[in-house]
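# Results of the structural survey
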Amino acid sequence: MYRYDAIDQRLVDERAAQFREQVRRRMAGELSDLEFKPLRLMNGLYLQLHAYMLRIAVPYGTLSSKQLRALAAIGRKYDKDYGHFTTRQNLQFNWIKLEDAPDILDDLAAVEMHAIQTSGNCVRNVTADQYAGVAAGEIEDPRIYAEIIRQWSSLHPEFSFLPRKFKIAITATSPDRAAVKTHDIGLFMKRNDKGEIGFQVFAGGGQGRTPMMAQLVRDFVPKAELLAYIESVIRVYNLMGRRDNIHKARIKILVHALGIDKFRELVEADFAATRDSGSPMPAAEIARVAAYFMPPAYERIETPVRAFEAARFEDRDFARWVTHNVVAHKQPGYAIAVISLKPTGGIPGDATSDQMDRIADFADRYSIGELRVTHEQNLVLPNVKQADLHALWRELGKEGLATPNLGLITDIIACPGLDYCALANARSIPIAQRIQEKFADPDRQAMIGELKIKISGCINACGHHHVGHIGILGVDKQGEEFYQITLGGSADENATVGKILGKGFPAEQVPDAIEKLVDTYLGLRADGELFLDTYRRVGIEPFKERVYAAG
Amino acid sequence: MTAKIFNANDILSGRVVYLGADGNWSERIADAAIVQSAEDEARLQAIADEAFSARRVVDVYAIDVAIEDGHTRPVIYRERIRAEGPSIRLDLGKQSANS
């Protein structure tokens, strides 16, 4: 994985020192709230319902075991022994004191981490396929380009005060696991007719109160011109995006207002004028960064791996975990193991400091010291020998980390909601917990098959409810929490915004409503169909009739 | 008028604090001064504004409360969560014995 060079380290160290001085001025009463707020936000420090919250960037979701241990230590020393992994592959601490923030940034800098640009109207943490570099069928490791974009966008002088926040995602495989089309810029790596590798560039995606899917701007941008082309996209947005209304300031609104053809014309005109003077991406620089993402020295392993196959045959619970939580690796004899942070009745995305330490130990012992954070709020050990899977699974079980539910109905995305978030209208986490409890039976979950439930506690949609197969949106209805259900959303390369089912439900009725939706699907599904397939075939009406039927 | 109290976040700790009759800020909602009249509200609003200007607290606002069995309880759910802690982690926040 990428390691800081002297320039990276100096930048992060200096920024931490600068913020320490600004915090000192604030604590001494020298800075007003108005003066201090943009400074703390540009360093990832929010003020939430109960305390300050620090959002720490995990670039494209890749972490070393050393970094995870540092996060565990910060949770133990400065927070309340836990952290929350987010839908931008980041980590949040919820109980931070202002006076501790500078020390935390120093601790992060010591392990090549920071909280820069995890807030504010700038380019945020670039997200990527969580299986980048190890996925079977991948064109190239997209993290090479995510890292180049990270460096290019960090403190970028032209793009530090955009109309609104700006999110970029990248993937190099199909299916898309990075929700690329829900981003301001979405990048799909592809080969052109000549076999050259480049990028299909989409723009104008986003969720929030006006969900839109990104539209194709250019079908192929060569590697060498990627940064220059992205600069043109963001420059057009920076110059023309609305700044008068925060709810209409994202690039999606501009793309929609202009129409994709006009937007493309403007981008292409800027690109034609600036491509030679824009940020170059020479092959030597790509090679320099790519060297950090070279595959590790994998062992040559004869397959099938007998011990692994025997364990699957003999241990039904292990076999179930393998079925749901283990993903094919590009290297024979290896596997990608996903650690679910969605135990029944748990808090989606939360991990205790002790769990983080243990997971870091597992990463060292079983996965060459590397981990990934998924935007679906789980953790990944990307390089596990198949022969080690059974031992890993047993160890995970001792820590409560072997829940076999990846992609199933209990693997729910939930934002922090009204339990933590100052913007939320309703709680998300208890809704997720009640649904998990209703569908706790693993056999029933497996029988239902892939079904992605995503819950947001407000229209800002941090819980991605618009693109849930079943989406749940918390709203405030005259001081009471109410929940609106959507159906048929999807975040993959065929990304779709879900449709509203009908009138909302009070919290206690949501699990029953979800069960009726599931029962409707089970009654209608044809052979081999998943929930989304059945929904797309039969439409919303049968679901609506069942859920709102009298009695 | 509906009973009200003033709350804010302490600048240093970020914790929710309540304005008492003595003009001090307390982490205990039981210490909050109950606003029962427009005169009370104006007086406490002035104290709260002064604390904000003096950079001791941020996000100052008044919330509706009900007095139930002698206990001050916010009317709106959001403010109850601020006053107590996360509903899914009873070991955290003001509801926790370790708070």
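Please read these numbers as outputs of a predicted model, since none were measured by experiment.

### Side note on the overall build of chain A
- The helix and strand inventory of chain A stands at 18 helices and 21 strands.
- On C-alpha atoms alone, chain A measures out to a radius of gyration of 23 Å, which is about the 24 Å that the 2.2 N^0.38 rule sets for 551 residues.
- Summarising its shape, the C-alpha atoms of chain A cover approximately 60 × 60 × 60 Å along the three principal directions.
- Burial statistics for chain A: of 551 residues in total, 54% are counted as buried.

### Here's the deal with the sheet that holds strand β3 (residues 25-26) of chain B
Residue and element names in this part refer to chain B.
- With antiparallel pairing, 5 strands are arranged side by side in an open sheet as β3-β2-β1-β4-β5. This sheet does not close on itself; its edge strands, each paired only once, are β3 and β5 (71-74).
- Two strands pair when backbone bridges link them, and strand β1 (residues 4-10) and strand β2 (residues 16-19) are joined in this way by 3 bridges, in the antiparallel orientation. Its bridge partner lying in β2, Ala8 is registered against Val17.
- Lying over the sheet, helix α2 (residues 77-84) contacts β1, β2, β4 (57-68) and β5, oriented at roughly 130° with respect to β5.

### Structural notes on the packing of helix α3 (residues 65-78) of chain A against helix α12 (residues 353-366) of chain A
Residues and elements named next belong to chain A.
- Taken N-terminus to C-terminus, the directions of α3 and α12 make an angle of 170°; their axes are 8 Å apart at the nearest point. Between α3 and α12, the crossing angle belongs to the class labelled roughly antiparallel. For the pair α3 and α12, contact is made by Ser65, Leu68, Arg69, Leu71, Ala72, Gly75 and Arg76 and by Ser353, Met356, Asp357, Ile359, Ala360, Ala363 and Asp364, respectively.
- Residue classes in the contact of α3 with α12 are distributed as 7 nonpolar, 3 polar and 4 charged.

### Looking at the packing of helix α14 (residues 429-438) of chain A against helix α16 (residues 510-524) of chain A
Residues and elements named next belong to chain A.
- Axis separation between α14 and α16 bottoms out at 9 Å; the angle between their running directions is 50°. By the criterion of interaxial angle, the relationship of α14 to α16 is oblique. Here α14 runs over α16; the crossing is right-handed. Contacts between α14 and α16 involve Ile431, Arg434, Ile435 and Lys438 on the former and, on the latter, Val510, Pro511, Ile514 and Glu515.
- Here the contact of α14 with α16 is composed, by residue class, of 5 nonpolar, no polar and 3 charged.

### Here's the deal with the confidence of the model for chain B
All names here are of chain B.
- On average, residues of chain B score 94 in pLDDT, and 98% of them are at 70 or above.
- When mean pLDDT is taken per element in chain B, β2 scores highest with 98 and helix α1 (residues 38-53) scores lowest with 94.
- Predicted complex metrics record ipTM = 0.95 and pTM = 0.96.

### A few points about the domain arrangement of chain A
All names here are of chain A.
- Taken domain by domain, chain A comprises domain 1 (6-109), domain 2 (134-292), domain 3 (310-398) and domain 4 (413-547).
- The distance between the C-alpha centroids of domain 1 and domain 4 comes to 33 Å.
- The interface of domain 1 with domain 4 comprises 7 residues on the first partner and 8 residues on the second.
- For the side of domain 1 that touches domain 4, the class distribution of residues is 2 nonpolar, 5 polar and no charged.

### Some thoughts on the pairing of strand β5 (residues 91-96) of chain A
Residues and elements named next belong to chain A.
- Summarising burial for β5: 6 of the 6 residues are buried, a large majority.
- Relative to β5, strand β4 (residues 82-85) runs antiparallel, the two being bridged by 2 bridges. Within β5, the position partnered with Phe85 by the bridge is Leu91.
- Linking β4 back to β5 in an antiparallel pair, the connection comprises 5 residues, with Gln89 at a positive phi of about 65°.

### Let's talk about the nonpolar core
Residues and elements named next belong to chain A.
- Residues Leu54, Val233 and Ala337 are the most contacted members of the largest nonpolar core, which totals 189 residues.
- Of the residues forming this core, the biggest block, 8 residues, is contributed by helix α6 (residues 226-240).
- Ala337 has contacts with Asn325, Val326, Leu381, Val384, Leu389 and Leu392, leaving out every residue within four places of it along the chain.

### Focus: the sheet that holds strand β1 (residues 45-47) of chain A
All names here are of chain A.
- In space, the 5 strands of this open sheet follow the order β1-β2-β5-β4-β13, with antiparallel pairing throughout. Both outer strands of the open sheet, β1 and β13 (350-352), are each paired with one neighbouring strand and no more. Across this sheet, the average inter-strand angle for adjacent strands is 30°, counted without regard to direction.
- Contacts from α12 reach β4 and β13, with the element oriented near 85° to β13.

### Section: the environment of A:Asp81
All names here are of chain A.
- Examined against the element boundaries, Asp81 turns out to sit in the loop between α3 and β4.
- Taking the C-alpha atoms as reference points, Asp81 and Thr352, 271 residues apart in sequence, are found 5.6 Å from one another.
- If near-sequence neighbours (up to four positions away) are discounted, Asp81 is found in contact with Gly75, Arg76, Thr352 and Ser353.

### Quick word on the interface of chain A and chain B
- With 24 residues of chain A at the contact, the number on the chain B side is 22 residues.
- Sort the elements by how many residues they give to the side of chain A that touches chain B and α14(A) lands first, with 3 residues.
- By residue class, the composition of the side of chain A that touches chain B is 12 nonpolar, 5 polar and 7 charged.

### Here we look at the pairing of β2(B)
Residue and element names in this part refer to chain B.
- Of the two faces of β2, both are covered, the one formed by Val16 and Tyr18 as well as the one formed by Val17 and Leu19.
- Once β1 ends, the chain turns through 5 residues before running back antiparallel as β2, passing Gly14 with a positive phi of about 75°.
- Here β2 pairs with β3 via 2 bridges, running antiparallel. Counterpart to Leu19 in the pairing with β3 is Trp25.
- The turn linking β2 back onto β3 is made up of 5 residues, and Gly23 within it adopts a positive phi angle of 85°.

### With respect to the environment of A:Tyr334
All names here are of chain A.
- Here Tyr334 shows up in strand β12 (residues 334-339).
- With 26 C-beta atoms packed within 10 Å, Tyr334 lands in the buried category.
- Sequence separation between Tyr334 and Asp176 is 158 residues, and the spatial gap between their C-alpha atoms is 22 Å.
- If we skip the residues at most four places from it in the chain, Tyr334 touches Tyr298, His329, Asn383, Val384, Lys385 and Gln386.

### Points about the environment of A:Lys516
All names here are of chain A.
- Tracing the chain through its elements places Lys516 in helix α16.
- For Lys516, a count of 16 C-beta atoms within 10 Å translates into the label partly exposed.
- Separated by 30 residues in the primary sequence, Lys516 and Arg546 have C-alpha atoms spaced 6.6 Å apart.
- If sequence neighbours within four positions are ignored, Lys516 has contacts with Arg546 and Val547.

### Observations concerning unusual backbone geometry
Residue and element names in this part refer to chain A.
- Between Ser174 and the following residue, Pro175, the backbone shows a cis peptide bond with an omega angle of 5°.
- For Pro175, the location among the structural elements is in the loop between β7 (168-171) and β8 (185-191).
- In this model, Ile368 sits at a positive phi of 55°, which is unusual for a non-glycine residue.
- Assignment of secondary structure puts Ile368 in the loop between α12 and β14 (370-373).
- The phi angle at Ala461 is positive, at roughly 65°, despite the residue not being glycine.
- Relative to the assigned elements, Ala461 resides in the loop between β17 (453-456) and β18 (470-477).
- A residue is classified by how many C-beta atoms lie within 10 Å of it, and Ala461, with 23 of them, is buried.

Reading the values: rules and limits
Residues numbered from 1 in each chain as written. Chains lettered and ligands numbered in written order. Predicted model: local features only at pLDDT ≥ 70, side-chain atom pairs only at ≥ 80, totals over all residues. Helix = DSSP H or I, 4+ residues; strand = E, 2+ residues; numbered from the N terminus. Rg over C-alpha atoms; globule rule 2.2 N^0.38 Å. Buried ≥ 20, exposed ≤ 12 C-beta atoms within 10 Å, placed from the backbone. Pairing = 2+ DSSP bridges. Contact = placed C-beta atoms within 7 Å. Axes fitted to C-alpha atoms, helices over the stretch in contact; angles between N-to-C directions. Parallel < 35°, antiparallel > 145°, perpendicular 65-115°, else oblique. Nonpolar A, V, L, I, M, F, W, Y, C, P; charged D, E, K, R; others polar. Left-handed = near helix turned anticlockwise from the far one by under 90°. pLDDT = per-residue confidence, 0-100. Domains from an automatic or database assignment. Core = buried A, V, L, I, M, F, W, Y, C linked by C-beta atoms within 7 Å.

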